[in-house]
Each structure stands twice: as C-alpha cells, then as structure tokens.
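Next come the chains, spelled out residue by residue.
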Amino acid sequence: MKIIIVKDYDEMSKVGADLIAEVINKKPEAILGLATGSSPEGLYSELIKKNKNNEIDFSNITTVNLDEYVGLSGEHPQSYRCFMNDKLFNHINIDKERTFVPNGLAKDIEEECNNYDKKIEELGGIDIQLLGIGNNGHIAFNEPAKELSYGTHLTGLTESTIKANSRFFASMDEVPKTALTMGIGSIMRAKKIVLIASGESKGEAIAQLVSGKITTEVPATMLQVHPDVTLVVDEAAAKLIK
Ligand code: F6R
C-alpha cells in the first residue's frame, strides 16, 4: 500500500486528481469507478479544470459509481446521480450515456444489482476506483458487519452513517435508510484503487485501514490485501497511523 500524506484537503484533491489523470492519459477509454461525498468534491473540481485546459479528455471514458440511495430519483438533489451530474459530469466532455450509477428507484432491486455487476464485467472491469472512507471504516456502503457481500447489493445504513450524511438533508428522518452499493468483491477487482481522506474524524478509520487486523467490522481493512492501493490522506487524517 502506498501512502501519500499531504498538507490539507486542497493538496489531497490535486494529488488525487493527478493520479486519475495519469490513468486517463495512459488509457483514454478507461473505466473509472467513482465515489460521492465531501471527500471527492475538490478532486472533481480539479478534474474539471484539467478538462477545460485540455489536459485530459473524457470523450471515451466510462464511469461507474459506487452507490445510490434507495428511493431517490436521479433528479432528487441529494441523490448520488444528481451529485455526480452537478459536481462533475455536467462540466466535462463525457458522454452521459456512459456514466453509470445504480438506480435507486429500480422496481426489481435484485435484477438491478445483477445488471450492475454484469455491466461492470462487460466493460472489462474498473481501471481505477476512487474511494472515500466512512468514519466507521465503511467503503462504498459496505458497512461494518459480521459478513460482507461480494457483488452489488441492497444494504441498510448504520446509525453512524445516517447521522454523518444527515448534514446534506433537512433532518435525520429524511436520510434514506437503505442504499444500493457495489460489494467488496467489485471494489477489490478494480485494477487500481485510490482512497482519499481528510480531517481528524477519519483518523481512526485510516489507522485501522493501514495496520489494523483485517476484519469485516472495518470493511476498509480488506484493502490491505489489494495489490495496488494508494492512500492520499491529509495530516489530520494521517495522525493516528502507526
Ligand atoms: C460515497 C461512498 C461513501 C463515502 C464515505 C465518506 O459514494 O461510497 O463510502 O465515500 O461515506 O464520505 P465523505 O467523503 O462525505 O466523508
């Protein structure tokens, strides 16, 4: 595991964007696995800048997102589809038809999950997967549990995740309690993984990810056995690394 410790959020965003740009420039038809949340917002702004400066071209890029809330349509301002359009896709030269986010309104959830996995497989797998990390060590919405799922699945969100994500909603009650998420298997099959984290609240999860026991109770510890993981963490998030 490669660990890059940077000063702050802005530097994390720049370094993370450079890592993704490198893959795009090497493979213009790359499959990018993308995340939502506060962590990647700055990184997406950097990618937009690079695209506007003709440093990277998205015209042949395909993206697959990690997760989506169940019950929110793509038009709902807090849906992850809306986030991605708003923070990235609307500002770059990507073909929206080639941007995939699980459908939180799917009538047949099982079918939606199976089709999402099939789609990733048909695309030839993910070249670079961008991840954030939950304060509780979740990656995507693979929450701490006795068992983890391999493929895309329906999951309940833990109390701690609902609380953390309530900052985007009018109240805790409005936060969806379930989501569709890529499984640990889909994430671990990505050829390259970049995980970004900023701020003290991520410190414990980052320390566990780097040197804790591998356990389903801290899903990010699974990344210890992936052959190509780069962590880009700021000083505050790196504070507890031993
Ligand atoms: C989002 C996702 C989540 C977030 C994590 C951190 O697509 O999969 O695992 O990466 O909850 O969220 P932020 O970046 O908002 O702290």
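Residues numbered from 1 in each chain as written. Predicted model: local features only at pLDDT ≥ 70, side-chain atom pairs only at ≥ 80, totals over all residues. Heavy atoms only, no water.

A. Seen up close, a nonpolar patch on the surface. A cluster of nonpolar side chains, contributed by M1, I3 and I5, occupies part of the molecular surface with about 260 Å² of accessible area. Tracing the backbone through its elements, the reader meets I3 in strand β1 (residues 2–6). Residue classification places I3 among the partly exposed positions, given a relative accessible area of 34%. (Patch = residues over 30% accessible without salt bridge, like charges linked within 9 Å, V, L, I, M, F, W, Y side chains within 5 Å. Areas by Shrake-Rupley, 256 points an atom, 1.4 Å probe, with all protein chains shown as cover. Salt bridge = Lys/Arg side-chain N within 4 Å of Asp/Glu carboxyl O. Helix = DSSP H or I, 4+ residues; strand = E, 2+ residues; numbered from the N terminus. Buried < 20%, exposed > 50% of the residue type's maximum accessible area, 1.4 Å probe, protein only.)

B. Region of the structure containing the environment of G185. You can see G185 is positioned in helix α6 (residues 184–188). Accessibility expressed as a relative area gives 5% for G185, which makes it buried. In sequence terms G185 and Y150 are 35 residues apart; their C-alpha atoms lie 4.2 Å from each other. In contact with G185, other than residues within four places in its own chain, are S149 and Y150. (Contact = heavy atoms within 4.5 Å.)

C. Layout of the packing of aromatic side chains. The final tally for this structure, using the stated rule, is four aromatic pairs. Between Y69 and F141, the ring centres sit 6.0 Å apart and the planes meet at 35°, which makes this aromatic pair tilted. Here the residue Y69 occupies a position in strand β4 (residues 67–69), and F141 occupies one in the loop between β6 (128–131) and β7 (153–156), the gap between them amounting to 72 residues. Plain terms: the ring middles of Y80 and F141 are 6.1 Å apart, the flat faces sit at 20° to each other, and that makes the pair stacked. Taken together, the residues Y80 in helix α3 (residues 80–87) and F141 in the loop between β6 and β7 connect sequence positions 61 residues apart. Assigned by exposure class, Y80 and F141 land together as buried. (Phe/Tyr/Trp six-rings, centres within 6.5 Å; stacked < 30°, edge-to-face > 60°.)

D. Layout of the site of the ligand. The environment of the ligand is made up of 14 residues, and the closest members are S39, D67, H138, A140 and K202. Here the ligand loses 92% of its free accessible area of 400 Å² to cover by the protein chains. Judged by the fraction of its atoms near the pocket grid, the ligand is located in the largest pocket. For the shell around the ligand, the per-class residue count stands at four nonpolar, seven polar and three charged. (Near = heavy atom within 4 Å. 1 Å grid on protein atoms, 1.4 Å probe; cavity = no way out; pocket = protein on both sides within 12 Å on 5 of 7 lines; lining within 4 Å. Sits in = over half its atoms within 2 Å of the grid points. Nonpolar A, V, L, I, M, F, W, Y, C, P; charged D, E, K, R; others polar.)

E. The arrangement of the pattern of salt bridges in detail. Enumeration according to the criterion identifies nine salt bridges in this entry. We note a salt bridge from D127 to K27, for which the minimum N-O separation is 2.9 Å. Note that D127 is positioned in the loop between α4 (109–122) and β6 and K27 in the loop between α1 (9–26) and β2 (31–34), a separation of 100 residues in sequence. What makes D127 buried here is its relative accessible area of 9%. Assessed through its relative accessible area of 29%, K27 is described here as partly exposed. For K239, the salt bridge goes to E200, with nearest N and O atoms at 3.8 Å. Of this pair, K239 sits in the segment after α8 (235–238) while E200 sits in the loop between β9 (192–197) and α7 (203–211), and the two are 39 residues apart along the sequence.

F. Main features of the sheet that holds strand β10 (residues 229–234). Taken together, the seven strands give an open sheet; going across it, the order is β1-β10-β9-β6-β2-β3-β5, and neighbouring strands pair in parallel fashion. At either margin of the open sheet sits one strand with a lone partner, and together these are β1 and β5 (99–100). (Pairing = 2+ DSSP bridges.)

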